[in-house]
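One-letter residues, chain by chain:
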Amino acid sequence: WSPMRETSCASAFGALEPCTETQCVPDGAGGVNLGATTDRRSVLRQRSLGGASCTDPRGVPRSRFLQAIVNRTETCPCPFCTTPPGPGPH
């Protein structure tokens, strides 16, 4: 089956990796966090011959299925309670 039209590349970020820490640690700036996590934006749909390529941050075309486009690192925040623990409504 062919849609008889050009299709452009499509990409998305995948699942986040686990945080690098299992307990909150000082971040060096007076706060605390659970370390960092990374994920990768990858090509999920290849372009057709006349379709547009995905591009990395430098403008380099990326169009092969599952080809990495960019990696992203994020800080994992520490969880916090919005109500104090103990008896009472939660």
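Up top you'll find the structure we're talking about.
Residues numbered from 1 in each chain as written. Predicted model: local features only at pLDDT ≥ 70, side-chain atom pairs only at ≥ 80, totals over all residues. Heavy atoms only, no water.

Moving on: the packing of aromatic side chains. Here the structure, examined in full by the defined rule, presents zero aromatic pairs. Between R72 and the ring centre of F13, over which it is positioned, the NZ or CZ distance is 3.7 Å. (Phe/Tyr/Trp six-rings, centres within 6.5 Å; stacked < 30°, edge-to-face > 60°. Lys NZ or Arg CZ within 6 Å of the ring centre and 35° of its normal.)

Take the environment of D56 next. With respect to the helices and strands, the residue D56 is situated in the loop between β4 (54–55) and β5 (61–62). Taking the C-alpha atoms as reference points, D56 and S42, separated by 14 residues in sequence, lie 9.9 Å from one another. Contacts of D56, omitting those with residues within four sequence positions, involve R62 and I69. (Helix = DSSP H or I, 4+ residues; strand = E, 2+ residues; numbered from the N terminus. Contact = heavy atoms within 4.5 Å.)

Judged by side-chain polarity, L44, F65 and L66 come together as a nonpolar surface patch covering roughly 320 Å² of accessible area. The class for L44 is partly exposed, based on a relative accessible area of 47%. (Patch = residues over 30% accessible without salt bridge, like charges linked within 9 Å, V, L, I, M, F, W, Y side chains within 5 Å. Areas by Shrake-Rupley, 256 points an atom, 1.4 Å probe, with all protein chains shown as cover. Salt bridge = Lys/Arg side-chain N within 4 Å of Asp/Glu carboxyl O. Buried < 20%, exposed > 50% of the residue type's maximum accessible area, 1.4 Å probe, protein only.)

The next thing to look at is the pattern of salt bridges. Evaluated as defined, the whole model comprises four salt bridges. In this structure, the salt-bridge partner of R72 is D39, at a minimum N-O distance of 3.0 Å. Of this pair, R72 sits in strand β6 (residues 68–77) while D39 is found in strand β3 (residues 32–45), placing the two residues 33 residues apart along the sequence. The exposure class assigned to D39 is buried, which follows from its relative accessible area of 5%. For D56, the salt bridge identified is with R62, shortest N-O distance 3.1 Å. Pair check on accessibility: D56 and R62 agree, each one buried.

Right, let's get into unusual backbone geometry. Positive phi, close to 65 degrees, is recorded for L66, a residue that is not glycine. Counting through the fold element by element, L66 comes out in the loop between β5 and β6.

For the structure on display, the rule yields three disulfides. Each sulfur in the disulfide pair C9 and C54 lies 1.8 Å from the other. On the S-S bond that ties C9 to C54, the torsion sits near -95 degrees, and the link is left-handed. Linking C9 in the segment before β1 (10–13) with C54 in strand β4, this pair joins segments that are 45 residues apart in sequence. Take C9 and C54: they sit in the same class, and that class is buried. Between the sulfur atoms of C24 and its disulfide mate C78 the distance is 2.1 Å. With C24 in the loop between β1 and β2 (25–26) and C78 in the segment after β6, the pair connects residues that are 54 residues apart, well separated along the chain. Taking the relative accessible area as the measure of exposure, C78 reaches 14% and is therefore buried. We note that C81 lacks a disulfide partner, and the nearest cysteine sulfur, in C24, lies 11 Å from it. Assessed through its relative accessible area of 62%, C81 is described here as exposed. (Disulfide = S-S within 2.5 Å.)

The values are spatial; any link to function lies outside them.
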